[in-house]
Amino acid sequence: MANWSPYDNNGGTCVAIAGANYCVIAADTRMSTGYSILTRDYSKICKLADKSVMASSGFQADVRALQKVLAARHSIYQHQHNKQMSCPAMAQLLSNTLYYKRFFPYYAFNVLGGLDNEGKGCVFTYDAVGSYERVGYSVQGSGSTLIMPFLDNQLKSPSPLLLPAKDAVTPLSEPEAIDLVKTCFASATERDIYTGDKLEIMVLNVDGIRCEYMELRKD
Amino acid sequence: MLDRAARSTKPGPVTFGILLKLDLESPPSQHSPKTALRFAYSSLSSSSKFQQSPPMSIFEYNGSAVIAMVGKNCFAIASDRRLGVQLQTIATDFQKIYRVHDKLFIGLSGLATDAQTLYQRLVFRHKLYELREERNMKPETFASLVSALLYEKRFGPYFCQPVIAGLGDENKPFICTMDSIGAKELAKDFVVSGTASESLYGACEAMFKPDMEPEELFETISQALLSSVDRDCLSGWGGHVYVVTPTEVTERILKGRMD
């Protein structure tokens, strides 16, 4: 009790890739604490609106609280504007919600994926206190150090400092992006004890949201 | 009172990045207004409840990335070229891979001064072996020698994590790594070490294929090295790659991002 902390780390890895007309958001379903696995079937992905999906690793109790706040804010938005929130708007809302608790943060590392108003794929990546950036691909969580260099290698994005600004979306087709995500997780699962059990992949495109699963190592 | 508060605003010791610890016993209300302000400032700037970074590891003082991979009757060993002192880059052509003989290489990551000292002792021991036995050392034997030298210093170790790669009997590739006190870890596919080791593990796990020919092995190890060091602040500035086959040794220098 003397060393009690309001935070825990439940591990897990989240990846998102944006394409020209789709977005892939994936996360493993393992939830751990320390060396123990709490459950092998916990979804880290949350649908916030018709065209935005959030995957979060970190402290899952904080993540749930965050999801609840966002759901409440989104329902108010729907009553006021009579429409679903767009993904870039949800991105700003998520940033503001995180920064609102700047001095007692949500211990949540999020990636937000979806389709923007033109139907282009978009990925937003965050830190725990709401600093965010629109990118072409992103990875967060315990396996991020293992996956990031591989994604860099496969999808090298243009520098955000270039003028005129270049599109950050990846050149891959939708099935290629899904395959890449599967490869990433299969590799990260080999070396990261907090990643494994099952991979949940959400695919957003003009047809709506589709969900796929792939089994991962369970050790 | 003022004296103590003033002391607590001084920056912490810089040598190994040990974090400044604040004495928070007496409440700020007991200070004079000016002292209380300084107290509040110092506790905000240097002590956060959430992000207390651990003291820097001596293994991360100079920064390094070393990797070895096995191919079909060949192997490759590669490293970055940066030598730094914490965040400052000192040299960008630093050798971390050493040739023991034409079919045996050792890469030493970790504290550069210990790496060089250890290498000198290894050269010495290898020369004695050559004189007595009139032949080159086998990679397995050499790995045991390194392990023994490291364990000799069990309670005051060389702060190095070696990677050993060589061609053994009938040109069978051999790679292994060990920790700073000599616990050997033999691998069939690839081994990594250094400050970029986690990135390297991820890259290798995704890129490695068994039984690659020398050209493909070179491409794979180079891609893995360059993409990994670009995500590590302490290693980079290009790379050294050696590809070793039974008949030849190819050394190549890679250009990379210079940041």
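Everything quoted here is computed from the prediction, not taken from an experiment.

(A) Looking closely at the overall build of chain A. When its secondary structure is counted, chain A shows four helices and twelve strands. For chain A, the spread of C-alpha atoms along the principal axes amounts to about 50 × 40 × 35 Å. Sorting the 219 residues of chain A into buried and exposed places 52% on the buried side. Look at the contacts in chain A between residues 6 or more apart in sequence, and 64% of them connect residues 24 or more apart. In chain A, 21 positive and 22 negative side-chain charges are present, and the distance between their average locations comes to 4 Å.

(B) Here's a closer look at the sheet that holds strand S1 (residues 65–71) of chain B. All names here are of chain B. Sheet architecture is open: five strands sit in the order S10-S1-S2-S11-S12, paired in antiparallel fashion. Every other strand in the sheet has two partners, leaving strand S10 (190–194) and strand S12 (249–254) as the edge strands with one partner each. With strand direction ignored, the average angle separating the axes of adjacent strands in the sheet is 10°. Here helix H5 (residues 197–207) sits on the sheet and contacts S1 and S10; the angle it forms with S10, its principal contact strand, is near 160°. Packing of helix H6 (residues 214–229) onto the sheet brings it into contact with S1, strand S2 (74–80), strand S11 (239–244) and S12, and relative to S1 it is tilted by some 155°.

(C) Quick peek at unusual backbone geometry. All names here are of chain A. Of note, Asn82 is a non-glycine position whose phi angle comes to about 55°, a positive value. Here Asn82 shows up in the loop between helix H1 (60–81) and helix H2 (87–100). Asn82 sits in the exposed class, given a relative accessible area of 72%.

(D) Up close: the state of the cysteines. Residue and element names in this part refer to chain A. According to the stated counting rule, one finds zero disulfides over all chains in the structure shown. Cys46 supplies the cysteine sulfur nearest to Cys14, a cysteine that is in no disulfide, at a spacing of 12 Å. For Cys211, which is in no disulfide, the shortest distance to another cysteine sulfur is to Cys46 and amounts to 13 Å. With relative accessibility at 36%, the residue Cys211 sits in the partly exposed group.

(E) Spotlight on the nonpolar core. Val15(A), Ile17(A), Leu151(A), Val181(A), Ile67(B), Met69(B) and Leu225(B) are the most contacted members of the largest nonpolar core, which has 48 residues in total. What Met69(B) contacts, discounting residues up to four positions off in sequence, is Phe75(B), Ala76(B), Asp189(B), Phe190(B), Cys204(B), Phe208(B), Met212(B), Leu217(B), Thr220(B), Ile221(B) and Ala224(B). Counting residues in hydrophobic clusters, the runner-up holds 22 residues, among them Ile106(B), Leu108(B), Leu150(B) and Phe174(B).

(F) The packing of aromatic side chains, seen in detail. In this structure the tally under the stated criterion is ten aromatic pairs over all chains. With a centroid separation of 5.7 Å and an interplanar angle of 85°, the aromatic rings of Phe59(B) and Phe159(B) are classed as edge-to-face. Separated by 100 residues along the polypeptide, Phe59(B) in the loop between helix H2 (33–46) and S1 and Phe159(B) in the loop between helix H4 (139–152) and strand S7 (160–167) bring together distant segments of the chain. The class for Phe59(B) is partly exposed, based on a relative accessible area of 30%. With a relative accessible area of 27%, Phe159(B) lands in the partly exposed category. Measuring from centroid to centroid gives 4.1 Å for Tyr98(B) and Tyr119(B), while their planes differ by 15°, and the two rings are stacked. Here the residue Tyr98(B) occupies a position in strand S5 (residues 97–101), and Tyr119(B) occupies one in helix H3 (residues 112–133), the gap between them amounting to 21 residues. A cation over an aromatic ring shows up here: Lys101(A) above the ring of Tyr106(A), its NZ or CZ 5.3 Å from the ring centre. In this structure, Arg252(B) packs its charged tip against the face of Phe218(B), placed 4.0 Å from the ring centre.

Parameters and conventions
- Residues numbered from 1 in each chain as written.
- Chains lettered and ligands numbered in written order.
- Predicted model: local features only at pLDDT ≥ 70, side-chain atom pairs only at ≥ 80, totals over all residues.
- Heavy atoms only, no water.
- Helix = DSSP H or I, 4+ residues; strand = E, 2+ residues; numbered from the N terminus.
- Buried < 20%, exposed > 50% of the residue type's maximum accessible area, 1.4 Å probe, protein only.
- Contact = heavy atoms within 4.5 Å.
- Lys, Arg positive; Asp, Glu negative; His and termini not counted.
- Charge placed at Lys NZ, Arg CZ, Asp CG, Glu CD.
- Pairing = 2+ DSSP bridges.
- Axes fitted to C-alpha atoms, helices over the stretch in contact; angles between N-to-C directions.
- Disulfide = S-S within 2.5 Å.
- Core = buried A, V, L, I, M, F, W, Y, C linked by side-chain atoms within 4.5 Å.
- Phe/Tyr/Trp six-rings, centres within 6.5 Å; stacked < 30°, edge-to-face > 60°.
- Lys NZ or Arg CZ within 6 Å of the ring centre and 35° of its normal.

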